[in-house]
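As a plain string of letters, each chain reads:
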Amino acid sequence: MQPLSVNPIFSDGMVVQRDVPTVIWGTAPDGHEIRLSLAGQTYRAVSDGGRWETCLSPLAAGGPYDLEIACLGKQIHVRNILAGEIWIAGGQSNMEWPLKHSRSGSDAVKSAKFDQIRFFNVQKIRFPEETKEHPEAFSHPSAWRPATDEHAGDFSAVAYHFARDLHDHLGVPIGIIECNLGGSSASAWTSRSYLNKDIDVKSYLDDYDQSVESLDMTDYISKCRMIYDGLARFQDMPVDPENESDTPPFDPDSFPPEALQAFMTAMQPGPRAMFGHPGSLFDNMLMTVVPYTTRGVIFYQGESDTPKARIYAKLFKLLIENWRHAFQNPDLHFLFVQLAAYGNEGHPSGDMYAALRDQQAEVTRTVPKTGMALALDVGHRSDIHPRNKLPIGIRLALLAREKVYGEAIDSSGPVYRSMKIDGSKIILTFDHAEPSLICMGDSPCGFQICGPNRLYVECEAKVVNNTVELQSPQVPLPAAARYGWANYTEANLYNMNGLPMLPFKTDRYL
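Residues numbered from 1 in each chain as written. Predicted model: local features only at pLDDT ≥ 70, side-chain atom pairs only at ≥ 80, totals over all residues. Heavy atoms only, no water.

*Asks:* Which residues make up the overall build of the chain, and what are the values?
*Replies:* The helix and strand tally for the chain stands at 13 helices and 24 strands. The C-alpha atoms of the chain give a radius of gyration of 24 Å, which matches the 24 Å a tight globule of 510 residues would have. Oriented by its inertia axes, the alpha-carbon framework of the chain measures out at about 85 × 55 × 45 Å. Buried positions account for 55% of the 510 residues belonging to the chain. Restricting to contacts in the chain with at least 6 residues of sequence separation, those with at least 24 account for 74%. (Helix = DSSP H or I, 4+ residues; strand = E, 2+ residues; numbered from the N terminus. Rg over C-alpha atoms; globule rule 2.2 N^0.38 Å. Buried < 20%, exposed > 50% of the residue type's maximum accessible area, 1.4 Å probe, protein only. Contact = heavy atoms within 4.5 Å.)

Structure (structure tokens):
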């Protein structure tokens, strides 16, 4: 018989989405009535198959409110509830990256005194048996915590700055549900049924299934257990919050051979992989908070999918469709971060990251209720984790303020509009560039042009109000231009709002 319970997200200090009904669910003995009371309203539900669910009436922004749940003489009390704006912070390590390890993070933590900004941590469960096999890793259960100096250092830096800005401008409580895991592919955050919807995206499943077939499962599980038993050692490696590292943070020589072998095994595809596998994080993490009522999602992910960059738009569109269906909200807003500049393990001039950024831009052009914040200018040549998270959080908040909350602001940087060829010169025009483009440096950089042979070369760039003129003596008959089209680039053009120009390629041939 299932005891009376409510999903852990309905706990002391929670924030619910204001002005709309809130879905609430839990367990109870089959067939019995559950009574709930909140803000003077009474609700009833009946458990079916050991599970119950109902909707609470809309609450105006504010609080605190108290919730009472009762069944068969047992009661659950949930205190100090606020109503405001709820966002999920999803993705991989750059969303997971904590405030205390970000640039100026120590100052931000010291000044964090925002009881009306609260975070809920979804536990990082990679496979169903993990909580039972390694209970010590889950000794701190999921809970709502306020953005105070006691807790804020552990919050996502991007999500913290996003929440701060929204709270300042909206004047209502903000709730962030952190649901992210470093190293994870977007395929891990998408259910297997949705991955099967597209022949190209299905390659994630095919590759994974093929890799599992060759595993010695007894040896594999033994090695993974060794790693998970000592996972804290890997999670607590020292980090300089102010400076990106010029050397990899992982030193293989510091581990005995058997531990290193186990670590590498756990990093590879498999049912217990450290970064999850196709469908796993959707099932084991996201679904633990579905269908909690939320305004939208902020998402920072893509680095792990650069090897399949040219199908990322297909994958990400399926992820968005999947999440909207799971949360029973076809209008769920998705605001995401375009990948920062990064040298990609010594290949700064390569184009894997450029191709994936272009795929991300394709999603904003074709999927409603989406928006993209640029991070190109905060990247680092040799570190995949840029420390300066403040601009990223602010740019996501700008998108939300314009696209979701209807503020009369422009949240976009300059976007390529058109190209004209004038003799040996290319003239480019842009949207969101009025009254003038701004160069953050001695001269514009990041531009290349090519002739009919499509061999791109560096070129001279000149800003003329809100246009850019390009030419090179190497290209007497120019045919196309591109900007910021490399894994790592120091492209440096902005609009008057201080927002960076979107990378582009005029010929669209990848």
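*Asks:* Can you explain empty space enclosed by the protein? Please cite residues and give values.
*Replies:* Here the structure, examined in full by the defined rule, presents four cavities of 30 Å³ or more. Computed from the structure, the largest cavity encloses a volume of approximately 50 Å³. If you go around the largest cavity, the residues you meet are Tyr300, Glu303, Leu339, Ala340, Ala341, Tyr342, Tyr353, Asp383, Ile384 and Pro386. In terms of residue class, the lining of the largest cavity is made up of eight nonpolar, no polar and two charged. (1 Å grid on protein atoms, 1.4 Å probe; cavity = no way out; pocket = protein on both sides within 12 Å on 5 of 7 lines; lining within 4 Å. Points joined across faces, edges and corners; volume = space filled by probe spheres on them. Nonpolar A, V, L, I, M, F, W, Y, C, P; charged D, E, K, R; others polar.)

*Asks:* A description of the packing of aromatic side chains should follow, citing residues and the corresponding values.
*Replies:* This model, assessed by the stated rule, comprises 20 aromatic pairs. Taking 4.5 Å as the distance between ring centres and 40° as the angle between the ring planes, the aromatic pair formed by Phe447 and Tyr483 counts as tilted. Taken together, the residues Phe447 in strand β18 (residues 447–450) and Tyr483 in strand β22 (residues 480–483) connect sequence positions 36 residues apart. As far as burial versus exposure is concerned, Phe447 and Tyr483 are alike and both buried. Taken together through their ring pairs, the aromatic side chains of Trp189, Phe299, Tyr312, Phe316, Trp323, Phe334 and Phe336 make up a single cluster. Stacked on the ring of Tyr194, the Lys or Arg Lys197 has its end atom at 3.9 Å from the ring centre. (Phe/Tyr/Trp six-rings, centres within 6.5 Å; stacked < 30°, edge-to-face > 60°. Lys NZ or Arg CZ within 6 Å of the ring centre and 35° of its normal.)

*Asks:* Any chance you could break down the state of the cysteines for me, citing the residues and the numbers?
*Replies:* In total, this model carries zero disulfides according to the counting rule given. Not part of a disulfide, Cys55 finds its nearest cysteine sulfur in Cys71, a span of 19 Å. Given the relative accessible area of 40%, Cys55 is considered partly exposed. (Disulfide = S-S within 2.5 Å.)

*Asks:* Describe helix α13 (residues 390–404), listing the residues and the values that go with them.
*Replies:* Its 15 residues give α13 an end-to-end C-alpha distance of 20 Å, which sits within 8% of 21 Å, the value for a rise of 1.5 Å per residue. Where burial is concerned, most of α13 is hidden: eleven out of the 15 residues are buried. Every buried residue belonging to α13 is among Pro391, Ile392, Gly393, Arg395, Leu396, Ala397, Leu398, Leu399, Ala400, Arg401 and Val404, and all of these are buried. With its phi angle positive at about 75°, Gly406 sits one or two positions after the end of α13. (Expected span 1.5 Å × (residues − 1).)

*Asks:* A description of the pairing of strand β6 (residues 51–56) should follow, citing residues and the corresponding values.
*Replies:* Here β6 shows a clear split, with Trp52, Thr54 and Leu56 buried on one side and none of Arg51, Glu53 and Cys55 buried on the other. Note: strand β3 (residues 22–27) against β6, six bridges, orientation antiparallel. The residue bridging Thr27 from the neighbouring strand is Arg51, located in β6. (Pairing = 2+ DSSP bridges.)

*Asks:* Residue-level account of the packing of helix α7 (residues 217–229) against helix α9 (residues 257–267), with values.
*Replies:* As a packed pair, α7 and α9 sit with axes 8 Å apart at the nearest point and diverge in direction by 105°. The angle between α7 and α9 falls in the class roughly perpendicular. Here α7 contributes Tyr220, Lys223, Cys224, Met226 and Ile227 to the contact with α9, which in turn contributes Glu258, Ala259, Gln261, Ala262, Phe263, Thr265 and Ala266. Taken together, the residues of the contact of α7 with α9 sort by class into eight nonpolar, two polar and two charged. (Axes fitted to C-alpha atoms, helices over the stretch in contact; angles between N-to-C directions. Parallel < 35°, antiparallel > 145°, perpendicular 65-115°, else oblique.)

*Asks:* How would you explain the sheet that holds strand β24 (residues 504–505) if you had to name every residue and give the values?
*Replies:* Spatially, β19-β18-β22-β24 is the arrangement adopted by the four strands of the open sheet, whose pairing is antiparallel. Edge strands, defined here as strands with exactly one partner in the open sheet, are β19 (457–458) and β24. Pairing analysis gives four bridges linking β18 to β22, with the strands arranged antiparallel. Across the sheet, Gln448 pairs through a bridge with Arg482, a residue of β22.

*Asks:* Can you lay out the layout of surface pockets for me, pointing to particular residues and giving the numbers?
*Replies:* By rolling a water-sized probe across the atoms, one finds the places where empty space is left. Roughly 510 Å³ of internal volume is contained in the second largest pocket. What lines the second largest pocket is a set of 29 residues, among which Thr364, Met372, Ser412, Val415 and Leu502 lie closest to the centre. Breaking the lining of the second largest pocket down by element, the ones donating at least two residues are α12 (352–366), β14 (370–373), α13, β15 (415–422) and β24. A class-by-class count of the residues in the lining of the second largest pocket yields 13 nonpolar, eight polar and eight charged.

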